[in-house]
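Listed below, chain by chain, are the residues.
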Amino acid sequence: MTQTKLNTRLSKRVQEIKPSGIRRFFDLASKMDNIISLGVGEPDFVTPWNVREASISSLERGFTAYSANAGLFELRKEISNYMSNRFSVNYDPETEVLVTVGASEAIDIGMRAILDEGDEVIIVEPSFVSYVPLVQMAGGVAVSVGTSNENQFKVSAKQIEAAITPRTKALMLCFPNNPTGATMNGKEMQEIADLAECHDLLVFSDEIYAELSYDEKHVSFASLPNMKDRTILISGFSKAFAMTGWRLGFVMASPDLLAAMLKLHQYSLMCAPTMAQYGALEALKSGMDDIERMKQSYKQRRNFVVKSFGEIGLPCHTPGGAFYAFPSVEKTGLTSEQFAEKLLLEERIAVVPGYVFGEGGEGHIRCSYATSMDNLEQSVERIDRFLRKLM
Ligand code: PLP
């Protein structure tokens, strides 16, 4: 089959989407031995046993059927209570909570629910790699607003305002941030909330790392005055609950937005896996101590990584949340891709080059510190040796 013929079989929309830059690195790393990976964005903890047991027990009891499209009502009630207790947001479990297949699905159906062809979504970058493709797949146009090291990768209302056009429909925020670990406090968020109100924007707030806020209490965007109705609040179990493989997330929004997302969810997914929902129910009922234990461990590793990177001459702002450090490699004179590739080949450390995360990412590498202290200590030694050879 010729290339041209093949292309006519695929939608233009999909062909225009670039494959993720992260993949190339992992493909390369997967063929090498003795690699320490600081590349993957997932906890190094196994899901706590009581959560696994609750899921196993649901299977033993024969709960193997579909759940309600929106998710087990018991779970939605528990999610609603949890979010109210932890982040002061109040959502009705009947009409304002939807259990999804990961936060990933929540972002996808959120975009598809609100975008018409050509509608613009402002993406604060560096950002999680799926935002731009999901906007594009929904027919929208992603407009990037870059953040930088100088402002600890925070975004200002002024920067966002400069990107607003008559086609701007929504804004995508993610704090604590992947890949930078940046956080924003209530006052900084309030300025963005005022702007959203003034320009009548919808706001996606991806708060999947909310529990992993180390220095200040996380402020949910939806908890700010008058913001609930214009916020699509996304979260899930992957990160703080160490449940990436369970594929379970949730989205909270006003009833009209939620009903639109539910339509897409019910026709494409039907419901999230029932056995995973039973596990999540247990995680919410009894998992708060586990969250705290894992959080303290990440915090300790964050402190080690930031301090060590500073000592070996890799400037790194202190990430307030998530489990990523985002040091600058600019002074090596290499691009982030060259740096990451050379580091992988010469010292067998896998990191993600910052350019894959969009504007503001170039000149940096993302290092996940969700790996053992032993791995982190060895990584620092190897990166130190690498830098000394280089400079
Ligand atoms: N949002 C952010 C910011 C992420 O970093 C990730 C995963 O890395 C996701 C969403 C997707 O999470 P899930 O596993 O719930 O689909």
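Residues numbered from 1 in each chain as written. Predicted model: local features only at pLDDT ≥ 70, side-chain atom pairs only at ≥ 80, totals over all residues. Heavy atoms only, no water.

Draft legend 1. Molecular detail of the side chain of Glu 105. Relative to the elements of secondary structure, Glu 105 occurs in helix 6 (residues 102-114). Here Glu 105 sits buried without a salt bridge, and the closest side chain of opposite charge, Arg 112, lies 6.2 Å off (N-O distance). Here Val 101 takes part through its backbone nitrogen, which lies 2.7 Å from a polar atom of the side chain of Glu 105. In contact with Glu 105, not counting residues within four places along its chain, are Thr 100, His 265 and Leu 269. (Helix = DSSP H or I, 4+ residues; strand = E, 2+ residues; numbered from the N terminus. Buried < 20%, exposed > 50% of the residue type's maximum accessible area, 1.4 Å probe, protein only. Lys, Arg positive; Asp, Glu negative; His and termini not counted. Salt bridge = Lys/Arg side-chain N within 4 Å of Asp/Glu carboxyl O. Polar contact = N/O pair within 3.5 Å; in protein donor to acceptor, adjacent residues only side chain to side chain. Contact = heavy atoms within 4.5 Å.)

Draft legend 2. Focus on the nonpolar core. Counting residues in each nonpolar core, the largest one holds 96 residues, and the members touching the most others are Ile 79, Phe 237 and Phe 309. When we break this core down by domain, the ones giving at least three residues each are domain 1 (3-46 + 289-390) and domain 2 (49-285). The residues contacting Ile 79, other than those within four sequence positions of it, are Val 97, Val 99, Phe 237, Phe 250, Met 252 and Leu 284. (Core = buried A, V, L, I, M, F, W, Y, C linked by side-chain atoms within 4.5 Å. Domains from an automatic or database assignment.)

Draft legend 3. View of the packing of helix 5 (residues 73-87) against helix 11 (residues 274-286). Their axes nearest at 10 Å, the elements helix 5 and helix 11 cross at an angle of 30°. The angle between helix 5 and helix 11 places the two elements in the roughly parallel class. Pair helix 5 / helix 11 crosses with left-handed handedness. Listed contacts from helix 11 to Glu 74, Leu 75, Glu 78, Ile 79 and Tyr 82 of helix 5 are Gln 277, Ala 280, Leu 281, Leu 284 and Lys 285. Classifying every residue of the contact of helix 5 with helix 11 by side-chain character gives 6 nonpolar, 1 polar and 3 charged. (Axes fitted to C-alpha atoms, helices over the stretch in contact; angles between N-to-C directions. Parallel < 35°, antiparallel > 145°, perpendicular 65-115°, else oblique. Left-handed = near helix turned anticlockwise from the far one by under 90°. Nonpolar A, V, L, I, M, F, W, Y, C, P; charged D, E, K, R; others polar.)

Draft legend 4. Region of interest: the site of the ligand. Ala 103, Ser 104, Asp 206, Ser 238 and Lys 239 are the nearest of the 13 residues found near the ligand. A distance of 2.7 Å is found between an oxygen atom of the ligand and a side-chain nitrogen or oxygen belonging to Ser 238. The protein chains hide 93% of the 400 Å² of surface that the ligand would expose on its own. Among the elements that make up the shell around the ligand, the one with the highest residue count is helix 6 (3 residues). Its residues assigned to classes, the shell around the ligand comprises 6 nonpolar, 4 polar and 3 charged. (Near = heavy atom within 4 Å. Areas by Shrake-Rupley, 256 points an atom, 1.4 Å probe, with all protein chains shown as cover.)

Draft legend 5. A look at empty space enclosed by the protein. With the rule as written, the count across this model stands at 4 cavities of 30 Å³ or more. Looking at the largest cavity, its volume works out to about 90 Å³. If you trace the largest cavity, you find it lined by Phe 175, Pro 176, Thr 183, Met 184, Asn 185, Met 189, Ser 213, Glu 216, Lys 217, His 218 and Val 219. (1 Å grid on protein atoms, 1.4 Å probe; cavity = no way out; pocket = protein on both sides within 12 Å on 5 of 7 lines; lining within 4 Å. Points joined across faces, edges and corners; volume = space filled by probe spheres on them.)

Draft legend 6. Structural context of the pairing of strand 8 (residues 249-252). Burial along strand 8 is two-sided: the residues Gly 249 and Val 251 and Phe 250 and Met 252 are all buried. The pairing of strand 7 (residues 231-236) with strand 8 spans 4 bridges and is classified as antiparallel. Note on strand 8: the bridge partner recorded for Leu 233 is Met 252. (Pairing = 2+ DSSP bridges.)

Draft legend 7. Main features of the pattern of salt bridges. Taken as a whole and judged by the stated rule, the model has 19 salt bridges. A salt bridge links Arg 112 to Asp 108; its shortest N-O distance comes to 3.3 Å. Remark: Asp 108 and Arg 112 occur in helix 6; sequence separation between them is 4 residues, near one turn of the helix. A residue is classified by how much of its surface remains accessible, and Arg 112, at 35% relative accessible area, is partly exposed. Measuring nitrogen to oxygen at the nearest pair gives 3.1 Å for the salt bridge that ties Asp 200 to Arg 230. Here Asp 200, found in the loop between helix 9 (186-198) and strand 6 (202-206), pairs with Arg 230, found in the loop between strand 6 and strand 7; they are 30 residues apart in sequence, far enough to count as distant. Asp 200 sits in the exposed class, given a relative accessible area of 58%. Residues joined by salt bridges that share partners form a network here, namely Lys 342, Glu 346, Glu 347, Arg 385 and Lys 389.

Draft legend 8. The arrangement of the sheet that holds strand 4 (residues 141-146) in detail. A sheet is described by the order of its strands in space; here 7 strands give the open sequence 2-8-7-6-5-3-4, paired in mixed fashion. Whereas interior strands pair on both sides, the edge strands pair on one side only; in this sheet they are strand 2 (97-100) and strand 4. Strand-to-strand twist in this sheet, taken as the mean axis angle between neighbours without regard to direction, amounts to 20°. Direction of pairing for strand 2 relative to strand 8: antiparallel, over a ladder of 4 bridges. Bridge assignment links Thr 100 to a residue of strand 8, and that residue is Gly 249.

Draft legend 9. Region of interest: the domain arrangement of the protein. Split into domains, the protein comes out as domain 1 (3-46 + 289-390) and domain 2 (49-285). For domain 1 versus domain 2, the distance between C-alpha centres works out to 24 Å. Contacts between the two partners involve 33 residues from domain 1 and, on the opposite side, 38 residues from domain 2. Between domain 1 and domain 2 the total buried area reaches about 3000 Å² when both faces are included, carbon and sulfur atoms providing 58% of it. Between the two partners, domain 1 and domain 2, sit 2 salt bridges. A salt bridge links Arg 13 to Glu 117, with the nearest nitrogen and oxygen atoms 2.6 Å apart. At the boundary of domain 1 and domain 2, one finds 18 residue pairs in polar contact (both at pLDDT 80 or more). When residues of the side of domain 1 that touches domain 2 are assigned to their parent elements, the largest contribution, 7 residues, is made by helix 12 (residues 288-311). For the side of domain 1 that touches domain 2, the per-class residue count stands at 16 nonpolar, 9 polar and 8 charged. (Buried area = accessible area lost by both parts, 1.4 Å probe.)

Draft legend 10. Expanded view of the packing of aromatic side chains. This model, assessed by the stated rule, comprises 14 aromatic pairs. Each ring, one from Tyr 82 and one from Phe 241, has its centre 5.9 Å from the other, and the planes form 65°; the classification is edge-to-face. Of this pair, Tyr 82 sits in helix 5 while Phe 241 sits in the loop between strand 7 and strand 8, placing them 159 residues apart in sequence. For Tyr 82, a relative accessible area of 8% puts it in the buried group. Plain terms: the ring middles of Phe 153 and Phe 326 are 5.4 Å apart, the flat faces sit at 75° to each other, and that makes the pair edge-to-face. (Phe/Tyr/Trp six-rings, centres within 6.5 Å; stacked < 30°, edge-to-face > 60°.)

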